[in-house]
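Overview (structure and organization)
The chain contents come next:
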Amino acid sequence: MTDLRIAVLGVGMMGADHVARITERTKGASVTVLNDYFPDKAEELAATIPGCRVINDPLDAIADPEVDAVILATPGPTHEKQLLACLEAGKPVMCEKPLTTDVSTSLEVVKREAELGRRLIQVGFMRRFDHEYEQLKALIDNGTFGQPLLAHCVHRNPAVPPGFDSSMIVKDSLVHEVDVTRFLFDEEITSVQIIAPGSNPNAPEGLKDPQIAIFTTESGRHVDVECFVSTGVAYEVRTELVGELGSAFIGLDQGLVRKQRNPVQSASGDGRKVAGIQSSDITPSFVERFGAAYDVEIQRWVNAVRRGDNVDGPGAWDGYAAAAVCAAGVKALETGEPQTVEMVSRASIPGA
Ligand SMILES: NC(=O)C1=CN([C@@H]2O[C@H](COP(=O)(O)OP(=O)(O)OC[C@H]3O[C@@H](n4cnc5c(N)ncnc54)[C@H](O)[C@@H]3O)[C@@H](O)[C@H]2O)C=CC1
Ligand SMILES: O=C1[C@@H](O)[C@H](O)[C@@H](O)[C@H](O)[C@H]1O
């Protein structure tokens, strides 16, 4: 069987990472077309990949007859138009989160896919492919903890790009815990509250950071998340699940691990670490922390497309549900009050 011919749109941080993954590690797929808003960027990368060419218009890249499937690693606001073009062309697409940046356009995408009667859209919620999250999910599903009751999450970034505003903490970062909650508990989130304590003095001007989010699910489960994106320290993602029969923690190696710029020195200054505290290496970003998860995500997506299933993971509905929770989250951030998540029922869209 010949390789799946993939067009990657957007060759910034995530796009370039996916291109490297496909060319170096993914079986059964090749990157044959690149596109970026800055054509020189795409040309430079394409020159390093045998058989790869650049198409300057993203919609032409999607429609190209020699492209079998598409990866969207463009900024969120461009996703709607590019996703609709993929549906129009009947091309499977792996869309980096978010599906789109607002609820109405996400719903429109869900409806258009449902009308086609074929699932073509997968959304890049990569934590579902992370080994530790998979283990946590298995512990819930096999009843190890009895009833899962609640989860505590931490999501810290050392820094964010310029222009990252307070609502993006919700829509770009917290959105992963929204998906993790839906994935682990297998139910929708019905209300969101966000508290913004005093901001980090080192946060970019005007950024409400950190934020504490509280989700309530359909069955009344509770999830809280500390989302803090200007720590200056490390990329840290942790989840503790508490059930009626016990609890489990992921995202730490073992024991008490303190993340900081330099190892803690002993009082004697002899370079030994303080007893009881391990200093771990800084994980600079999601690329290192979730590298293996992205590999699994893309390989399974490629396999699914080659089999004709097109999707093996979160789909358009999951993207829409996340957008609905994030919209309530942004409102909650503005008002300080809990907000009900407004969503249509899945059953109201046959095929969704
Ligand atoms: N799953 C995950 O953990 C992560 C997902 N993301 C998502 O990946 C997407 C890309 O994010 P980054 O790579 O961090 O951004 P980036 O800014 O590094 O790269 C985006 C690229 O898209 C190009 N671009 C902009 N508009 C375009 C258009 N209309 N058509 C084609 N190319 C266009 C830009 O020139 C740039 O090269 C976003 O949706 C983001 O939310 C980002 C980081 C991690
Ligand atoms: O998706 C991602 C980024 O866009 C976002 O800015 C980070 O906070 C997340 O951890 C990362 O996974």
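Structure first, text after, so check above.
Notes on the structure in this doc start here. From a predicted model like this one, the values you see are computed outputs, not experimental measurements. (Residues numbered from 1 in each chain as written. Chains lettered and ligands numbered in written order. Predicted model: local features only at pLDDT ≥ 70, side-chain atom pairs only at ≥ 80, totals over all residues. Heavy atoms only, no water.)

1. Details of the pattern of salt bridges
Per the stated rule, a full pass over the model turns up 25 salt bridges. A salt bridge links Glu236 to Arg156; the shortest N-O distance between them is 3.6 Å. Here the residue Glu236 occupies a position in strand E11 (residues 236–243), and Arg156 occupies one in strand E7 (residues 148–156), the gap between them amounting to 80 residues. When sorted by exposure, Glu236 lands in the same class as Arg156, which is buried. For Arg300, the salt bridge goes to Asp312, with nearest N and O atoms at 3.0 Å. Placement of the pair is Arg300 in helix H9 (residues 291–307) and Asp312 in the loop between H9 and helix H10 (316–335), with a sequence separation of 12 residues. (Salt bridge = Lys/Arg side-chain N within 4 Å of Asp/Glu carboxyl O. Helix = DSSP H or I, 4+ residues; strand = E, 2+ residues; numbered from the N terminus. Buried < 20%, exposed > 50% of the residue type's maximum accessible area, 1.4 Å probe, protein only.)

2. Notes on the sheet that holds strand E1 (residues 4–9)
The sheet built from 6 strands is open, its strands ordered E3-E2-E1-E4-E5-E6 with parallel pairing. Every interior strand has two partners, whereas the edge strands, strand E3 (53–54) and strand E6 (121–123), have only one. The strands touched by helix H2 (residues 39–46) within the sheet are strand E2 (29–35) and E3, with E2 carrying the most contacts at an inclination of about 150°. (Pairing = 2+ DSSP bridges. Contact = heavy atoms within 4.5 Å. Axes fitted to C-alpha atoms, helices over the stretch in contact; angles between N-to-C directions.)

3. Focus on the pairing of E2
With respect to burial, E2 is a largely interior element, 6 of its 7 residues being buried. Where E1 and E2 come together, 6 bridges link them in parallel fashion. Its bridge partner lying in E2, Leu4 is registered against Ala29. Read from E1 through helix H1 (residues 13–24) to E2, the crossover connection turns out right-handed. (Right-handed = clockwise from strand over helix to strand, strands pointing away.)

4. Description of the packing of aromatic side chains
Enumeration over the complete set of coordinates arrives at 4 aromatic pairs. Measuring from ring centre to ring centre gives 5.2 Å for Tyr37 and Phe38, while their planes differ by 85°; the resulting arrangement is edge-to-face. With a relative accessible area of 73%, Tyr37 lands in the exposed category. One aromatic cluster is present, formed by Tyr235, Phe286 and Phe290 through successive ring pairs. If you follow Arg221 out to its NZ or CZ, it ends over the ring of Phe185, 5.1 Å from the centre. (Phe/Tyr/Trp six-rings, centres within 6.5 Å; stacked < 30°, edge-to-face > 60°. Lys NZ or Arg CZ within 6 Å of the ring centre and 35° of its normal.)

5. Describing the packing of helix H5 (residues 103–116) against H10
Interhelical geometry of H5 versus H10 gives an angle of 165° and a closest axis separation of 9 Å. Classified by the angle their axes make, H5 and H10 are roughly antiparallel. In this structure, the crossing between H5 and H10 has a hand that is left-handed. Residues Val103, Ser106, Leu107, Val110 and Glu113 of H5 form the contact with H10, whose own contacting residues are Ala316, Trp317, Gly319, Tyr320, Ala323, Ala324 and Ala327. Looking at the contact of H5 with H10 residue by residue, the class counts come to 9 nonpolar, 2 polar and 1 charged. (Parallel < 35°, antiparallel > 145°, perpendicular 65-115°, else oblique. Left-handed = near helix turned anticlockwise from the far one by under 90°. Nonpolar A, V, L, I, M, F, W, Y, C, P; charged D, E, K, R; others polar.)

6. Section: unusual backbone geometry
Geometrically, the link from Lys97 to Pro98 is a cis peptide bond, its omega value of -5° lying close to zero. For Pro98, the location among the structural elements is in the loop between strand E5 (93–95) and H5. Following Asp209, the chain continues to Pro210 via a peptide bond in cis, the omega torsion being 10°. With respect to the element layout, Pro210 can be found in the loop between strand E8 (189–195) and strand E9 (211–217). Despite not being glycine, Asp186 has its phi angle at roughly 55°, a positive value. Within the secondary structure layout, Asp186 lies in the loop between helix H7 (166–185) and E8. In this structure, Asn310 takes a positive phi of about 75° despite not being glycine.

7. Considering the site of ligand 2
With respect to spatial proximity, the complete set of residues near ligand 2 consists of Lys97, Met126, His155, Asn157, Phe164, Asp172, Ser173, His176, Tyr235 and Phe286. Here an oxygen atom of ligand 2 sits 2.8 Å away from a polar atom, N or O, in the side chain of His176. When residues of the shell around ligand 2 are assigned to their parent elements, the largest contribution, 3 residues, is made by H7. Of the residues in the shell around ligand 2, the class split is 4 nonpolar, 4 polar and 2 charged. (Near = heavy atom within 4 Å. Polar contact = N/O pair within 3.5 Å; in protein donor to acceptor, adjacent residues only side chain to side chain.)

8. Focus: the pairing of strand E12 (residues 246–250)
Sheet topology note: the E11/E12 ladder contains 5 bridges and is antiparallel. Across the sheet, Glu240 pairs through a bridge with Phe249, a residue of E12. Here E11 hands over to E12 after 2 residues, the two strands then running antiparallel side by side.

Coordinates in, geometry out; function isn't part of it.
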